[in-house]
Amino acid sequence: MGKIETIGVIGAGQMGNGIAHVCALAGYDVKLNDISDEALGKGLETIEANMARQVARNMISPDAMTAAIKRIKASTGLEPFNAVDLAIEAATEKREIKEAIFKDVCAAVPANAFLATNTSSISITRLAATTDRPEKFIGLHFMNPVPLMKLMEVIRGLATDQQTYEMALGFAERLGKTTTNAEDYPAFIVNRVLVPMINEAVYALYEGVGTVESIDTAMKLGANHPMGPLELADFIGLDTCLSIMQVLHDGLADTKYRPCPLLVKYVEAGWVGRKAKRGFYDYRGDAPVPTR
């Protein structure tokens, strides 16, 4: 197995810029790709701001930050991916979008490059089958926020070979991540447990069991959760939560995974959480205010 030195990251959003961030700090050269200069600019600004926060907290040195920022090269085209050893897709949680991205990526990367997806719920086997190298394809599910969360779920598809799996473990170790192996079933481990809990909290709100504030307070103080489930849903993105519930419902055919109609309604309204300034809380003022 050749040494992994250059990482390609497709998507400069919340997950993609976090992956680029930790890869650059770990000493990898990073090629960051997105569809627009605006998206890339926002991603790079976020990386710089988050690294500056780490410097202020003495988590990294100013020199480490400067060196890491220099390792990240952004582009809207995939031409720079002709030199990557590992390409990681971190686009929106839609299967059709990811499949289209991998078709383009396969045409751009070297024949011996590894491919990975940061999907939080979609079948690794199915995504791998759309590429020209399913044996070199693996799921690397980073947790959000990537620079702070220690876990990485590693998911092998049906065709993933041992070399690719060992590459993934070595990559995770260099990033300082702890890995957990998950089988290729809908939503893997973390989201198989977490997102139905969030969906149940939305049902409790929908059925009038409690208000946004009372449900979140109950779980923070009653179950010692650092965030209430509705606050967490806003942080993740209600559209992402809905996508994961739909994957679970479609993939497992069990009514217990039916997305709550209120969750669907919020997504239809565009109230998808922090990134939209409105979700179960309204973030447009000085402090978040419950919307129900």
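- Going by an unreviewed UniProt entry, the protein carries the name 3-hydroxybutyryl-CoA dehydrogenase and comes from Henriciella pelagia.
- One UniProt comment on the protein, placed under Sequence similarities (unreviewed entry), says "Belongs to the 3-hydroxyacyl-CoA dehydrogenase family."

**Re the overall build of the protein**
Item 1. Helix and strand counts for the protein come out as 11 helices and 10 strands.
Item 2. For a compact globule of 292 residues, the expected C-alpha radius of gyration is about 19 Å, and the protein comes in at 19 Å, within 12% of that figure.
Item 3. If one aligns the C-alpha atoms of the protein with their principal axes, the spans along those axes are about 55 × 45 × 35 Å.
Item 4. Across the 292 residues that make up the protein, the buried fraction comes to 47%.

**Structural notes on the layout of surface pockets**
Item 1. Put simply, the second largest pocket is a space of about 200 Å³.
Item 2. Around the second largest pocket sit 13 residues that line it, and Val22, Gln54, Pro147, Lys150 and Leu175 are the ones nearest its centre.
Item 3. A per-class count over the lining of the second largest pocket returns eight nonpolar, three polar and two charged.

**A short note on the UniProt feature "domain: 3-hydroxyacyl-CoA dehydrogenase C-terminal" (unreviewed entry) in the protein**
Item 1. Here, UniProt's "domain: 3-hydroxyacyl-CoA dehydrogenase C-terminal" (unreviewed entry) annotation points to residues 188-283.
Item 2. Helix makes up 62% of residues 188-283 and strand 2%, with an end-to-end C-alpha separation of 31 Å.

**What about the pattern of salt bridges?**
When the charged atoms of two side chains lie near each other, side chains of opposite charge can form a pair.
Item 1. Counted under the stated rule, the structure contains nine salt bridges.
Item 2. A salt bridge links glutamate 38 to lysine 42; its shortest N-O distance comes to 3.5 Å. Of this pair, glutamate 38 and lysine 42 both sit in helix α2 (residues 37-56), four residues apart, roughly one helical turn.
Item 3. One salt bridge in this structure joins arginine 133 and aspartate 132, with 2.7 Å as the shortest N-O distance.
Item 4. Through salt bridges with shared partners, a single ionic network connects Glu89, Glu93 and Lys98.

**Digging into the sheet that holds strand β1 (residues 6-10)**
The pairing of strands in a sheet happens through backbone hydrogen bonds and is either parallel or antiparallel.
Item 1. Taking strand neighbours across the sheet as the criterion, the eight strands line up as β3-β2-β1-β4-β5-β6-β7-β8 in an open arrangement whose pairing is mixed. Looking along the sheet, the strands with just one partner apiece sit at the ends: β3 (72-75) and β8 (178-182). If you compare each strand with its neighbour and ignore which way they point, the axes differ by 25 degrees on average.
Item 2. Note that strand β5 (residues 114-117) and strand β6 (residues 137-142) share three bridges and pair parallel. Bridging from a neighbouring strand, threonine 117 pairs with glycine 139 of β6.
Item 3. Contacting β2 (29-33) and β3, helix α3 (residues 62-71) runs over the sheet at an angle of about 35 degrees to β3.

**Describing the state of the cysteines**
Item 1. Tallied over the full model, the rule gives zero disulfides.
Item 2. Cysteine 106 supplies the cysteine sulfur nearest to cysteine 23, a cysteine that is in no disulfide, at a spacing of 19 Å.

**Here's the deal with helix α10 (residues 238-252)**
Item 1. Compared with the 21 Å implied by 1.5 Å per residue over 15 residues, the 21 Å span of α10 between its first and last C-alpha is a close match.
Item 2. Within the sequence span of α10, burial applies to Leu238, Cys241, Leu242, Ser243, Ile244, Met245 and Leu248.
Item 3. Those residues of α10 hidden inside the fold are in contact with α7 (190-206), α9 (229-236) and α11 (261-269).
Item 4. Phi turns positive, to about 50 degrees, at alanine 253, one or two residues after α10.

**Brief notes about the pairing of β1**
Item 1. The element β1 is largely enclosed, with a buried count of five among its five residues.
Item 2. Both faces of β1 are covered, namely the face carrying Thr6, Gly8 and Ile10 and the face carrying Ile7 and Val9.
Item 3. Examined bridge by bridge, β1 and β2 share five bridges and lie parallel to one another. The partner of valine 9 across the bridge, within β2, is leucine 32.

**Examining a nonpolar patch on the surface**
Item 1. Judged by side-chain polarity, Met59, Leu148 and Met149 come together as a nonpolar surface patch covering roughly 270 Å² of accessible area.
Item 2. With relative accessibility at 36%, the residue methionine 149 sits in the partly exposed group.

**A few points about the pairing of β8**
Along any regular strand, the residues point their side chains to alternate faces of the sheet.
Item 1. Taken together, the five bridges between strand β7 (residues 151-156) and β8 define a ladder with parallel strand orientation. Within the sheet, the bridge partner assigned to isoleucine 155 lies in β8 and is alanine 182.

**Observations concerning α7**
Item 1. If you check α7, its first and last C-alpha atoms are 24 Å apart, about what 17 residues at 1.5 Å a residue would give, namely 24 Å.
Item 2. Residues of α7 that are buried: Asn191, Val195, Pro196, Ile198, Asn199, Ala201, Val202, Tyr203, Ala204 and Leu205.
Item 3. Here the buried face of α7 lies against β6, α8 (212-222), α9, α10 and α11.
Item 4. Within two residues after α7, glycine 208 carries a phi angle of roughly 80 degrees, on the positive side.

Calculation rules
- Residues numbered from 1 in each chain as written.
- Predicted model: local features only at pLDDT ≥ 70, side-chain atom pairs only at ≥ 80, totals over all residues.
- Heavy atoms only, no water.
- UniProt positions renumbered as here; feature names shortened; annotations may be inferred.
- Helix = DSSP H or I, 4+ residues; strand = E, 2+ residues; numbered from the N terminus.
- Rg over C-alpha atoms; globule rule 2.2 N^0.38 Å.
- Buried < 20%, exposed > 50% of the residue type's maximum accessible area, 1.4 Å probe, protein only.
- 1 Å grid on protein atoms, 1.4 Å probe; cavity = no way out; pocket = protein on both sides within 12 Å on 5 of 7 lines; lining within 4 Å.
- Points joined across faces, edges and corners; volume = space filled by probe spheres on them.
- Nonpolar A, V, L, I, M, F, W, Y, C, P; charged D, E, K, R; others polar.
- Salt bridge = Lys/Arg side-chain N within 4 Å of Asp/Glu carboxyl O.
- Pairing = 2+ DSSP bridges.
- Axes fitted to C-alpha atoms, helices over the stretch in contact; angles between N-to-C directions.
- Contact = heavy atoms within 4.5 Å.
- Disulfide = S-S within 2.5 Å.
- Expected span 1.5 Å × (residues − 1).
- Patch = residues over 30% accessible without salt bridge, like charges linked within 9 Å, V, L, I, M, F, W, Y side chains within 5 Å.
- Areas by Shrake-Rupley, 256 points an atom, 1.4 Å probe, with all protein chains shown as cover.

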